[in-house]
Amino acid sequence: MNALVIFSLLAVLMLTGMPISISLGLTVLTFLFTMTQVPLESVALKLFTGIEKFEIMAIPFFILAGNFLTHGGVAKRMINFATSMVGHWYGGLGLAGVLACALFAAVSGSSPATVVAIGSILLPAMVKAGFPNKFGAGVISTSGALGILIPPSIVMVMYSVATNTSVGALFMAGVIPGLLLAATLGGVTWYRAKKFNYPRQPKASWKERLDAFRKSAWGLFLIVVVMGGIYSGMFTPTEAAAMSAVYAFVVAVFIYKDMGLKDVPKVLLNSANMSAMLLYIITNAVLFSFIMTNENIPQALADWMLGHGLGVITFLLAVNIILLLAGNFMEPSSIVLIFAPILFPVAMKLGIDPVHFGIIMVVNMEVGMCHPPVGLNLYVASGITKMGITELTVAVWPWLLSMLGFLVLVTYWPTMSLWLPRALGMM
C-alpha cells in the first residue's frame, strides 16, 4: 500500500513537468510528514551521509575532463584518426563516427558529451560528403550512447553509489560489452551503407594513418592513464577521475592549444553546474531509497517474487521491461538511483552477480537514451541536425533494434560482462 502511495505521488509530480530531483524530494517529504513516524533528525543526517562517499567525487572530475576534451580539439583529432582507419569502407564516415564515439567514450564518461563532441564535427561533414541527414543522425545518436558503457562511466559510478558495488570491477566489466556493442552498431552502419551505396572516402596511406594517430595520441593516451591506472592498482577510480581532469586540462590548453586560459573559467562553471545538478539528484534519490528501505519495500518485493516462483530468467525480463519503460520518461542517473535500491536486493536473493546486474542496467540506460520521448541523445542530436524528434526516432530505428538484440544477449550471457574483471582478479 505504502509503495503504491509513494510511486503514485512521484508519478503525479513528474507529470506536472517538475524536475525529477525536486519530485523525489517532495515525494519523500510529503510521505515523511503525513504517513510515517521517522524522526526528521535522521532524515537530515541521511542527507549528509548519503553523499559522503568517496566514489561520488569521481562524478565532478569526469564531467570536468569531458568538458575540457569536448572544447579542446580532442574530438576533431579522434575523428580524423578514425576516418583514416575505416573511411574507405562502405559508409566510411559513419563507421568513423562509431569508432570516434567509442574512443571518445573511453575518455569522457558521458553520452551527451560524446554526441555533442563527435556529432557537431562529423554530421556536417557527412552531409557535405553526400550522406542523408537521417543516416548520420542515426549513427551518432546511438553510437553516442557508448559513452556510458565503455569505461569510465558516470552512470556506473551512480550504480556503485546506490548499491555499494566496486567501481573498478564495473569499469572492467563494461569493456567487452562496450566493444561488442560498438562492433554491432558498426555492422548495422556498414550494412545500410552497402545496401544504399552511400559514399566512401579515399583510402588513406599508412603514412597518413600514422600522422593522424600521432596527432590524436595525446587524447588517446588518457584511456591508458585511466584504465591502466585503475587495473594496475596504481589508483582508485576516483583518483583516476581527478587525474583525467588534470590531464585533459593540460592537453587542451598547453599541448593542443585549441583552448586559451581565458576559456577555462567558462568550462569550470559549466562543469560545476552539471555536477551540482547530478549531486542534487543523488541527494534526493538517497532520501528516496532511505524511505523505501524504511518501509521494507525492496524486501517485500523480493519475497513476493520468490514466493511466486519467479526465477532468474523471468526476473531479468521484468527488469528490462521496467527499465525500458522508465527510459521513456526519465534520464539515466535518476533511473539508476531510484530503481537500483529496489531491484538490487531481489537480484541478490536470486543469486545474480551485482556487477553483471549493473551492466544490464547500464545497457538499458543506453537504449533509453536513444528512444523518445525523453531520449537525451535524441535531443542533443536534434539540436545539432535541426531535425524533429519524430524524424530522428525514425532515423535511429535500425540501430535501436540492434541495441535491443544486444540487450537480450548481455542479459542472459553473464560471461560477456564478468570474464574480464574475473581474469584481472577484481572479483
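Residues numbered from 1 in each chain as written. Predicted model: local features only at pLDDT ≥ 70, side-chain atom pairs only at ≥ 80, totals over all residues. Heavy atoms only, no water.

> For this particular structure, what's the right way to read the overall build of the chain?
Looking only at helices and strands, the chain has 21 helices and 0 strands in total. In terms of overall dimensions, the chain is globule-like: its C-alpha atoms have a radius of gyration of 22 Å, near the 22 Å expected for 427 residues. Here the chain, with 427 residues, has 55% of them falling under the buried criterion. When contacts within the chain are restricted to residue pairs at least 6 apart in sequence, long-range pairs at least 24 apart make up 79% of them. For the chain, the exposed surface amounts to about 17,700 Å²; the carbon and sulfur share of it is 70%. If the 21 positive side-chain charges of the chain are averaged to one point and the 14 negative ones to another, these points end up 18 Å apart. (Helix = DSSP H or I, 4+ residues; strand = E, 2+ residues; numbered from the N terminus. Rg over C-alpha atoms; globule rule 2.2 N^0.38 Å. Buried < 20%, exposed > 50% of the residue type's maximum accessible area, 1.4 Å probe, protein only. Contact = heavy atoms within 4.5 Å. Areas by Shrake-Rupley, 256 points an atom, 1.4 Å probe, with all protein chains shown as cover. Lys, Arg positive; Asp, Glu negative; His and termini not counted. Charge placed at Lys NZ, Arg CZ, Asp CG, Glu CD.)

> Would you mind showing me how to read the nonpolar core here?
Nonpolar side chains tend to gather and get buried jointly when the protein is soluble and globular. With 150 residues, the main nonpolar core has Ile 118, Phe 315, Phe 339 and Phe 357 as its most contacted residues. With sequence-adjacent residues up to four places away left out, Ile 118 is seen in contact with Ala 75, Ile 79, Gly 97, Ala 100, Cys 101, Phe 104, Leu 123 and Ile 140. (Core = buried A, V, L, I, M, F, W, Y, C linked by side-chain atoms within 4.5 Å.)

> What is the right way to read the packing of helix α6 (residues 92-108) against helix α12 (residues 206-231) from this model?
When two helices pack together, their arrangement is given by the angle between the helix axes and by the axis-to-axis distance. Closest axis-to-axis distance for the α6/α12 pair is 8 Å, and the angle between their directions is 55°. By the criterion of interaxial angle, the relationship of α6 to α12 is oblique. Like other packed secondary-structure pairs, α6 and α12 cross with a definite hand, here left-handed. Residue-level contacts link Leu 103, Ala 106 and Val 107 of α6 to Gly 219, Leu 220, Leu 222 and Ile 223 of α12. When grouped by side-chain class, the residues that make up the contact of α6 with α12 number 6 nonpolar, 1 polar and no charged. (Axes fitted to C-alpha atoms, helices over the stretch in contact; angles between N-to-C directions. Parallel < 35°, antiparallel > 145°, perpendicular 65-115°, else oblique. Left-handed = near helix turned anticlockwise from the far one by under 90°. Nonpolar A, V, L, I, M, F, W, Y, C, P; charged D, E, K, R; others polar.)

> Help me understand the UniProt feature "domain: TRAP C4-dicarboxylate transport system permease DctM subunit" (unreviewed entry) in the chain in this model?
Here the UniProt-annotated "domain: TRAP C4-dicarboxylate transport system permease DctM subunit" (unreviewed entry) positions come out as residues 8-416. Spanning residues 8-416, this segment combines 78% helix with 0% strand, and its end C-alpha atoms are found 37 Å apart. (UniProt positions renumbered as here; feature names shortened; annotations may be inferred.)

> Any chance you could explain the side chain of Asn 284 here in plain terms?
By the secondary structure assignment, Asn 284 is in helix α14 (residues 264-294). By relative accessible area, Asn 284 is classed as buried at 7%. When neighbours within four sequence positions are excluded, Asn 284 is seen to be in contact with Ser 21, Leu 24 and Gly 25.

> Is there a simple way to explain the packing of helix α7 (residues 111-129) against helix α19 (residues 376-385) in this structure?
Contact pair α7 / α19: the axes reach a minimum separation of 10 Å and the direction vectors enclose 25°. The pairing of α7 with α19 is recorded here as roughly parallel in orientation. By crossing handedness, the relation of α7 to α19 is classed as right-handed. Judged by residue contacts, Ser 111, Pro 112, Val 115, Val 116, Gly 119, Ser 120 and Leu 123 of α7 engage Leu 376, Asn 377, Val 380, Ala 381, Ile 384 and Thr 385 from α19. Here the contact of α7 with α19 is composed, by residue class, of 8 nonpolar, 5 polar and no charged.

> Is there a simple way to explain the pattern of salt bridges in this structure?
Inspection of every chain in the model, using the stated rule, returns 3 salt bridges. One salt bridge in this structure joins Asp 211 and Arg 214, with 2.5 Å as the shortest N-O distance. Of the two residues, Asp 211 and Arg 214 both sit in helix α12, 3 residues apart, roughly one turn of that helix. For Arg 214, a relative accessible area of 56% corresponds to the exposed category. (Salt bridge = Lys/Arg side-chain N within 4 Å of Asp/Glu carboxyl O.)

> Even after reading the chapter, I still don't get unusual backbone geometry, so can you show me in this structure?
Negative phi characterises most residues that are not glycine, and trans characterises most peptide bonds. Residue Pro 152 is bonded to the preceding Pro 151 through a cis peptide linkage, with omega at 0°. Assignment of secondary structure puts Pro 152 in the loop between α8 (133-143) and α9 (154-163). Of note in this structure, Lys 257 is not a glycine but carries a positive phi near 55°. Within the secondary structure layout, Lys 257 lies in the loop between α13 (237-255) and α14. Owing to a relative accessible area of 60%, Lys 257 belongs among the exposed residues under this scheme.

> What's the story with helix α2 (residues 20-35) in this structure? I'm lost.
Each α-helix winds once per 3.6 residues, and so residues spaced three or four apart point in a common direction. Across its 16 residues, α2 extends 22 Å between first and last C-alpha, which sits within 8% of the 22 Å expected from 1.5 Å per residue. Turning to α2, its buried residues are Ile 20, Ser 21, Ser 23, Leu 24, Gly 25, Thr 27, Val 28, Phe 31 and Leu 32. On its buried side, α2 packs onto α1 (2-15), α3 (40-50), α14 and α17 (332-349). (Expected span 1.5 Å × (residues − 1).)

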